[in-house]
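Descriptive structure summary
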Amino acid sequence: MNTTLRPKPHNIEFEITTACNYGCFHCYCNAGKKSVVELTTEEIKSVIDQLIEAEAELLDIVGGEPLLREDILEILSYGRSRGLKMLMNTNASLATKELVKNLKEVVPDLLVGVSLDGPTPEVHEFVRGKGTFEKTMNGINNFLNAGFDVTLLFVVNRENYKYIDDMLILSEKLGANLYVDRFVPVGRGKIFKDRLLPTREMVEYVAEKLKAYKGNVELYIEENILGEECTAGRTHASILVDGNVVPCGHFRYNPEFYMGNVRNERFKVIWEKYNNQILLPNVCAKCSLRNVSCKSGCLAYAYLNESKVDDIHCKLL
Ligand code: SF4
Ligand code: SF4
């Protein structure tokens, strides 16, 4: 492969911990306990240096729950000082006024993504557990009151898809942006697949609502909702808690798709040598509709599916 043709890494997710104070049904990394192979502060800083070398643009700090790491301020501040646009995904339950104030002093332009799986306690808590809605809403308000740019992170599932309008209304009322993703049955999510997996009609319902939306909320829509080209390994990658790099976090349990490990190779080298074409399902590679009326949907979901295509977007089904 001619490595000079590789696009730069645009959006890199970095899973700095698998420790989490929640036990959500849909969690793709089965978060809960801190991993024994978690990267140290110095290793994380070295990876940030490697991302600068690879000319990455946006670093999305994810978990688990990133706020459980004692060095979270140091990590965010280091990434910012090296010139990366910093984003952090959190369940916001630990975002007290005091913590948010400290974050504002250290990383004032941090973009904050807060997982909210429904506009009411009943819908949100179906996946996240009793009592989590109020804690998360308190955290969101603390971030917003401190002047942070907040995006609500909504993962479409079988139960919450019909509340997409309410999520838009809530985002507007709060003054937050809205990111919409789709449940992919990986990790703990695999166990709860039957309760969570949305049908094609459900995803289409959400996609139509989002396409027709004309309000003030800034939308970020994951390509797996609209059927746009998958970014896995093309402009996006995830660095897992043990340093392994995967084209998308949803490939975390498939070592055959691993790109390398930042503990023993520079991220730039890992990125430049990767051929993301290996992710394309065989049936799509031979399909005449590919790049005509179809972009193959979510490649991770296709891989997990018995049919080996993304049956939510496949035009042949
Ligand atoms: S129509 Fe189906 S087989 Fe063809 S590219 Fe799309 S997902 Fe793949
Ligand atoms: S594999 Fe699916 S979730 Fe991952 S980047 Fe591609 S479309 Fe998005």
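Here the residue numbers are simple positions, counted from 1 along each chain's written sequence. By the order in which they are written, chains take letters starting at A while ligands take numbers starting at 1. Restriction of local features to residues with pLDDT of at least 70 applies here, the model being predicted, together with a cutoff of 80 or more for giving and counting side-chain atom pairs; totals for whole chains, interfaces and linings are based on all residues.

In the nomenclature of an unreviewed UniProt entry, the protein is known as Radical SAM domain protein of Fervidobacterium nodosum. Under Cofactor (unreviewed entry), UniProt gives the following word-for-word description of the protein: "[4Fe-4S] cluster". UniProt positions are given in the numbering used here, feature names are shortened, and annotations may be inferred rather than shown by experiment.

Our focus in this paragraph is the overall build of the protein. Counting from the N terminus, the helices are the DSSP runs of H or I reaching at least four residues and the strands are the DSSP runs of E reaching at least two. Of the regular secondary structure elements, the protein holds 13 helices and ten strands. What the globule rule says is 2.2 Å times the number of residues to the power 0.38, and the radius of gyration is computed from C-alpha atoms. By the compact-globule yardstick of 20 Å for 317 residues, the protein fits well, its C-alpha radius of gyration being 19 Å. Projected onto its principal axes, the C-alpha coordinates of the protein cover approximately 55 × 45 × 35 Å. Residues are scored as being in contact if the C-beta atoms we place from backbone atoms lie within 7 Å. Contacts in the protein between residues far apart in sequence, at least 24 positions, make up 72% of those at least 6 positions apart.

Moving on, we get to helix 6 (residues 164-174). An α-helical turn contains 3.6 residues, so any two residues separated by three or four positions project in the same direction. Those residues of helix 6 that fall on the buried side of the exposure criterion are Ile 164, Met 167, Leu 168, Leu 170 and Ser 171. The buried side chains of helix 6 occupy one side of the element, clustering within an arc of 165° when seen end-on. Seen from the buried face of helix 6, the exposed residues on the opposite side, beyond 90 degrees, are Asp 165 and Lys 173. Check the buried side of helix 6 and you find it contacts strand 5 (149-156), strand 6 (177-182) and helix 9 (200-212). Immediately downstream of helix 6, the backbone of Gly 175 shows phi near 85°, a positive value. Exposure in this text rests on C-beta crowding, where 20 or more other C-beta atoms within 10 Å of a residue's own make it buried, 12 or fewer make it exposed, and counts in between make it partly exposed. The C-beta atoms are placed from the backbone. Arc, as used here, means the arc of the directions from the helix axis to the C-beta atoms.

What follows is about the site of ligand 2. Each residue receives a C-beta atom built from its backbone; the residue is near a molecule or strand if that atom lies within 6 Å of it. In the region of ligand 2, 14 residues are neighbours, and Asn 224, Cys 230, Cys 248, Cys 298 and Ala 300 sit closest. Looking at the shell around ligand 2, the elements with two or more residues in it are helix 10 (223-226) and helix 13 (299-304). Among the elements that line the shell around ligand 2, the one with the most residues is helix 13, at three residues. When residues of the shell around ligand 2 are sorted by domain, at least three fall in each of domain 1 (11-278) and domain 2 (279-316). Source of the domain bounds: an automatic or database domain assignment.

We now examine the site of ligand 1. In the neighbourhood of ligand 1, 14 residues make up the surrounding shell, with Cys 284, Cys 287, Arg 290, Cys 294 and Cys 314 lying closest. Gly is put with the polar residues, along with every residue not named as nonpolar or charged; the nonpolar set is Ala, Val, Leu, Ile, Met, Phe, Trp, Tyr, Cys and Pro, and the charged set is Asp, Glu, Lys and Arg. A per-class count over the shell around ligand 1 returns eight nonpolar, three polar and three charged.

On to the UniProt feature "domain: Radical SAM core" (unreviewed entry) in the protein. This chain's UniProt record puts "domain: Radical SAM core" (unreviewed entry) on residues 6-216. Helix makes up 41% of residues 6-216 and strand 17%. Its end C-alpha atoms lie 35 Å apart.

Bringing the pairing of strand 2 (residues 58-62) into the picture now. Taking burial as the measure, the five residues of strand 2 include four buried ones, the bulk of the element. Two strands qualify as a pair provided DSSP detects at least 2 bridges between them. Across five bridges, the pairing between strand 1 (residues 11-15) and strand 2 is parallel. Pairing of Asn 11 across the sheet is with Leu 58, part of strand 2. We call a crossover right-handed when, viewed with both strands directed away from the observer, the connection leading from the first strand over the helix to the second proceeds clockwise. For the handedness criterion, the β-α-β arrangement of strand 1, helix 1 (residues 41-53) and strand 2 is classed as right-handed. In this structure, strand 2 lies alongside strand 3 (residues 85-90), joined through four bridges in parallel fashion. Looking across to strand 3, one finds that Ile 61 is bridged to Met 88. Crossover connection from strand 2 via helix 2 (residues 72-81) to parallel strand 3: handedness right-handed.

Nonpolar cores are identified as sets of buried Ala, Val, Leu, Ile, Met, Phe, Trp, Tyr and Cys residues joined via C-beta atoms within 7 Å. Core analysis: the largest hydrophobic core is formed by 91 residues, its most contacted members being Ile 61, Leu 152, Phe 154, Val 156 and Val 206. Domain assignment of the residues forming this core places at least three in each of domain 1 (11-278) and domain 2 (279-316). Residues within four places of Phe 154 in sequence aside, it is in contact with Leu 116, Asp 117, Met 167, Leu 178, Tyr 179 and Val 180.

Excluding glycine, residues mostly carry a negative phi; peptide bonds, for their part, are mostly trans. Here Gly 63 and Gly 64 are connected by a cis peptide whose omega angle stands at 15°. Here Gly 64 is to be found in the loop between strand 2 and helix 2. Positioned with a positive phi, Asn 291 is a non-glycine residue whose angle comes to about 65°. Within the secondary structure, Asn 291 sits in the loop between helix 12 (282-285) and helix 13. Assessed through the 11 C-beta atoms surrounding it within 10 Å, Asn 291 is described here as exposed. For Lys 308, which is not glycine, the phi torsion reads 65° and is therefore positive. Note that Lys 308 resides in the segment after helix 13.

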